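Examination of the molecular architecture
Listed here are the chains, written in short residue letters.
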Amino acid sequence: MSLYCNTCCLPIDGERCPVCGRKSDRQVASDDLCFLTEKEQIWSGMLADVLKQRNIPFVQKNVLGAGLATKTGPMLESVRFYVFYKQLSEAKAIVDELFSSLNEEENED
Ligand SMILES: [Zn+2]
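One structure accompanies this document, and this report is about it. These numbers come from a predicted model, not from an experiment. (Residues numbered from 1 in each chain as written. Predicted model: local features only at pLDDT ≥ 70, side-chain atom pairs only at ≥ 80, totals over all residues. Heavy atoms only, no water.)

**Considering the coordination of the zinc ion**
Counted only if it meets this: The donor set covers N, O and S atoms within 2.8 Å of the metal, switching to 3.2 Å for Na, K and Ca, and it leaves out water, so a site may look short of donors. Numbering of helices and strands starts at the N terminus; helices are DSSP runs of H or I of at least 4 residues and strands are runs of E of at least 2.
In the first shell of the zinc ion, the protein supplies Cys5 (SG), Cys8 (SG), Cys17 (SG) and Cys20 (SG), at 2.2 to 2.3 Å from the metal. Sequence positions of the residues that donate to the zinc ion give the spacing C-x2-C-x8-C-x2-C. Within this pair, whereas Cys5 is found in strand β1 (residues 3–5), its partner Cys17 is found in the loop between β2 (10–12) and β3 (33–40), the two being separated by twelve residues in sequence.

Following this line, the structure appears as structure tokens:
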């Protein structure tokens, strides 16, 4: 059974969260929201559609990709997706399926 970091919304394997370093003693529950992925806004609509088709409830949070502004242009917004822990592995498989071919293209340079 994994623990859960309240700060990062992540299931964690050790007693400390690898992202923020905080200790957690709370076990992850099946209805805890867990961070799934972060996608640029152009892709987030597509991912949201597929999650809806598969009946996976999710929460979206918009984040401004300020650090990327010089590289990719201004006003680039990305979207973080959170799903319930019980559906996290299913949702991750969907993300892999959807974006693996896109990532291959990005890695060519
Ligand atoms: Zn954390």
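**Remarks on the sheet that holds strand β4 (residues 58–64)**
Filter applied, for reference: For two strands to pair, DSSP has to find at least two bridges joining them. Simply put, an axis is a line fit to the C-alpha atoms, just over the touching stretch for a helix, and the angle between two N-to-C directions goes from 0 to 180 degrees. Here, residues are in contact when the closest pair of their heavy atoms is within 4.5 Å.
On the basis of which strands lie adjacent, the open sheet formed by three strands has the order β3-β5-β4 and antiparallel pairing. The sheet terminates laterally at β3 and β4, the two strands that pair on one side only. Each adjacent strand pair in this sheet contributes to an overall mean axis angle of 25 degrees, direction not counted. The strands that helix α1 (residues 41–53) touches are β3, β4 and β5 (77–84); relative to β3, the one it contacts most, it runs at about 135 degrees.

**Examining the environment of Tyr4**
The topology assignment puts Tyr4 in strand β1. In this structure, the C-alpha to C-alpha distance between Tyr4 and Asp25, residues 21 residues apart in sequence, is 7.7 Å.

**Thoughts on the pattern of salt bridges**
Quick reminder of the rule: A pairing counts as a salt bridge when a side-chain nitrogen of Lys or Arg comes within 4 Å of a carboxyl oxygen of Asp or Glu. Relative accessibility decides the category of a residue: with a 1.4 Å probe and only protein chains considered, values under 20% of the type maximum give buried, values over 50% give exposed, and everything between is partly exposed.
Inspection of the entire model under this criterion finds four salt bridges. Arg54 is paired through a salt bridge with Glu97; the nearest N and O atoms lie 3.2 Å apart. Of this pair, Arg54 sits in the loop between α1 and β4 while Glu97 sits in helix α3 (residues 88–106), placing them 43 residues apart in sequence. On the basis of relative accessibility, which here comes to 37%, the residue Arg54 falls in the partly exposed class.

Functional significance is not addressed by these values, which are geometric in nature.
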